[in-house]
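Here is what each chain is made of, one letter per residue.
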Amino acid sequence: MQLSKKLTYQLKNSEIKPILTHFLSTQEQTFLATQKKVDVVFSSTYPQEERKRAWMNPGTSLLDFSICLLEVTLQDKTEDVSHRDVLGAIMSLSIDREHIGDIIIEDGIYLLIEKEVQHTIMQNLTSIKHTSVHLQEQPLSLLHSMDVNMYQDAQITISSMRLDTIISRIIRSSRTKAQEFIAFKNVKVNGMIQKKPDYILQPNDVISIYKHGRVIIQDIVHTTKKEQLVLQIKKTK
């Protein structure tokens, strides 16, 4: 798989000293786990954690993954806030995705972030979507008492399994806009940037869409009389 230059550099330097990565995608985690020359220990903040940090060649020292949990309270309790809204608000502060872990929307909104960006987020994240927000740090142990499910089931009707067709439905835009979105390297399939709009998706493929979260392709439920496909998906809340 294609690794970021930063991760490749860290992997090489881990031969000299212990390295703590930023938050990694599941594909990056899989790659590191297969590196026989590197001892890798991943964070395990809570059982369902998807985006993890990793120590490479940590030795025998006590590991601190430098992760904190922020609870987000909306001033307007009726505001319907999604994973996309939260991620977009954080990234608008010029904070890269690699500094942000899981975004949990489950009887509240919770953010896993690197401690290095905690101050910036707490000082500057004042609103999400159309409502003001209040942030408060919570102990990581809080997550162990929660039944976390970051995905919600949905169905979309599409004309084909082409990437641009499915992206247009997910971002609620035209197919032309979806193709531009793909061309600007804003879409990953199974952890790798996919620039081909006619790429055919398969069941269990995971699509990561910049500022729109993730979508897991499941099964074609049925075909309509007009030969449209009804596709079952899971998408981040």
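Residues numbered from 1 in each chain as written. Predicted model: local features only at pLDDT ≥ 70, side-chain atom pairs only at ≥ 80, totals over all residues. Heavy atoms only, no water.

**Notes on the overall build of the chain**
Logical step 1: For the chain, the helix and strand inventory stands at six helices and 14 strands.
Logical step 2: Relative to a compact globule of 237 residues, whose C-alpha radius of gyration would be 18 Å, the chain shows 19 Å and is just as compact.
Logical step 3: With respect to the three principal axes, the spread of C-alpha positions in the chain is 65 × 45 × 30 Å.
Logical step 4: The proportion of buried residues among the 237 residues of the chain is 47%.
Logical step 5: Accessible surface, the chain: about 13000 Å² in total, of which carbon and sulfur atoms supply 48%.
Logical step 6: Both charge centroids of the chain, one from 30 positive and one from 27 negative side chains, sit 7 Å from each other. (Helix = DSSP H or I, 4+ residues; strand = E, 2+ residues; numbered from the N terminus. Rg over C-alpha atoms; globule rule 2.2 N^0.38 Å. Buried < 20%, exposed > 50% of the residue type's maximum accessible area, 1.4 Å probe, protein only. Areas by Shrake-Rupley, 256 points an atom, 1.4 Å probe, with all protein chains shown as cover. Lys, Arg positive; Asp, Glu negative; His and termini not counted. Charge placed at Lys NZ, Arg CZ, Asp CG, Glu CD.)

**Examining the sheet that holds strand 1 (residues 19-20)**
Logical step 1: One open sheet accounts for three strands, arranged 1-3-2; its pairing is antiparallel. The open sheet is flanked by strand 1 and strand 2 (40-42), the only strands paired with a single partner.
Logical step 2: Across three bridges, strand 2 lies against strand 3 (residues 54-56) in antiparallel orientation. Its bridge partner lying in strand 3, Phe42 is registered against Ala54.
Logical step 3: The sheet strands contacting helix 2 (residues 26-33) are strand 2 and strand 3, and the helix crosses strand 2 at an angle near 150°. (Pairing = 2+ DSSP bridges. Contact = heavy atoms within 4.5 Å. Axes fitted to C-alpha atoms, helices over the stretch in contact; angles between N-to-C directions.)

**Considering the side chain of Gln138**
Logical step 1: With respect to the secondary-structure elements, Gln138 resides in strand 8 (residues 131-138).
Logical step 2: A polar contact is formed between the side chain of Gln138 and the side chain of Glu71, at a distance of 2.7 Å.
Logical step 3: If sequence neighbours within four positions are ignored, Gln138 has contacts with Leu69 and Glu71. (Polar contact = N/O pair within 3.5 Å; in protein donor to acceptor, adjacent residues only side chain to side chain.)

**Notes on the pattern of salt bridges**
Logical step 1: Scanning all chains against the criterion turns up eight salt bridges.
Logical step 2: Residues participating in the shared-partner salt-bridge network are Arg53, Glu114 and Glu116. (Salt bridge = Lys/Arg side-chain N within 4 Å of Asp/Glu carboxyl O.)

**Let's talk about the sheet that holds strand 10 (residues 187-189)**
Across a sheet, paired strands are connected by hydrogen bonds in the backbone, their directions being either parallel or antiparallel.
Logical step 1: Taken in spatial order, the six strands of this open sheet run 9-14-13-12-10-11, and their pairing is antiparallel. Strands with a single pairing partner mark the edges of an open sheet, and in this sheet they are strand 9 (151-158) and strand 11 (192-193).
Logical step 2: Pairing analysis gives eight bridges linking strand 9 to strand 14 (residues 229-236), with the strands arranged antiparallel. By the bridge assignment, Ala154 is partnered in strand 14 with Ile233.

**Side note on the packing of helix 5 (residues 163-170) against helix 6 (residues 175-183)**
Logical step 1: Contact pair helix 5 / helix 6: the axes reach a minimum separation of 8 Å and the direction vectors enclose 105°. By the angle class used here, helix 5 and helix 6 are roughly perpendicular. Across the interface between the two elements, Leu163, Asp164, Thr165, Ile167 and Ser168 of helix 5 pack against Arg175, Ala178, Gln179 and Ile182 of helix 6.
Logical step 2: For the contact of helix 5 with helix 6, the residue count by class is four nonpolar, three polar and two charged. (Parallel < 35°, antiparallel > 145°, perpendicular 65-115°, else oblique. Nonpolar A, V, L, I, M, F, W, Y, C, P; charged D, E, K, R; others polar.)

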